[in-house]
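# Analysis of the macromolecular model
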Amino acid sequence: MTVATAPSRNDITNVHQSALQSQAPVAAPPVVAAPPVAVAPPVRSLDAEELATLMKRARGLLAAGDIPPARLLLERAADAQDPTAALMLAQTYDPAVLGKQDMRSIAPDPALARDWYQKAARYGSVNAQQRLSQMQN
């Protein structure tokens, strides 16, 4: 029969040191970045001729009922802070202007309409401000 003996203090220390050396190094805690700050996109700059061309093409597309490409042109002009373009763009989403749904499956979007009316009002459109007050009622 074999009698088990308790490990010596030196044995315990050696095993402990060996275990510490075989462990993977502890990584530093991750650095938590500050939340991103919302930065307004830069204002697009358009010369008068380019703006007039965009607006003329957009009006022609709207008259033909071709709303999606007209929206693209109007958004480009509205991004240059043109109040008329922002107002017209808002109207392409406004259920009161667009109707509930037209035959080309262009669905109204009251939230987008409101956003563009607000931008148009900030850019100086009195008509947009009036439409916003009507939407709130």
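The structure we're discussing is the one just above.
One structure accompanies this document, and this report is about it. (Residues numbered from 1 in each chain as written. Predicted model: local features only at pLDDT ≥ 70, side-chain atom pairs only at ≥ 80, totals over all residues. Heavy atoms only, no water.)

### Quick notes on the environment of Arg131
As for its placement among the helices and strands, Arg131 is situated in helix α7 (residues 126-136). Overall, Arg131 belongs to the buried group, its relative accessible area being 17%. In sequence terms Arg131 and Leu87 are 44 residues apart; their C-alpha atoms lie 9.5 Å from each other. Setting aside residues no more than four positions away along its own chain, Arg131 makes contact with Asp94, Ala96 and Tyr117. (Helix = DSSP H or I, 4+ residues; strand = E, 2+ residues; numbered from the N terminus. Buried < 20%, exposed > 50% of the residue type's maximum accessible area, 1.4 Å probe, protein only. Contact = heavy atoms within 4.5 Å.)

### Observations concerning the side chain of Thr92
Relative to the helices and strands, Thr92 is located in the loop between α4 (83-91) and α5 (95-98). Residue classification places Thr92 among the buried positions, given a relative accessible area of 5%. Leaving out residues up to four positions away in the same chain, Thr92 has contacts with Leu62, Ile67, Arg71, Leu74 and Leu98.

### Observations concerning α7
What α7 keeps buried is the set Ala128, Arg131, Leu132 and Met135. In an axial view of α7, the angular spread of the buried residues amounts to 105 degrees, which keeps them on one side of the axis. Elements in contact with the buried residues of α7: α4, α5 and α6 (110-122). If you check the start of α7, you find a side-chain oxygen 3.1 Å away from the backbone N of Ala128, and it comes from Ser125. (Arc of directions from axis to C-beta. Polar contact = N/O pair within 3.5 Å; in protein donor to acceptor, adjacent residues only side chain to side chain.)

### With respect to the packing of α4 against α6
Interaxial distance between α4 and α6 falls to 8 Å at its minimum, and their mutual angle equals 165 degrees. Compared by their axis directions, α4 and α6 come out roughly antiparallel. Relative to α6, the crossing made by α4 is left-handed. Across the interface between the two elements, Pro83, Ala86, Leu87, Leu89, Ala90 and Gln91 from α4 touch Ala113, Trp116, Tyr117 and Ala120 from α6. Considering only residue class, the contact of α4 with α6 consists of 9 nonpolar, 1 polar and no charged. (Axes fitted to C-alpha atoms, helices over the stretch in contact; angles between N-to-C directions. Parallel < 35°, antiparallel > 145°, perpendicular 65-115°, else oblique. Left-handed = near helix turned anticlockwise from the far one by under 90°. Nonpolar A, V, L, I, M, F, W, Y, C, P; charged D, E, K, R; others polar.)

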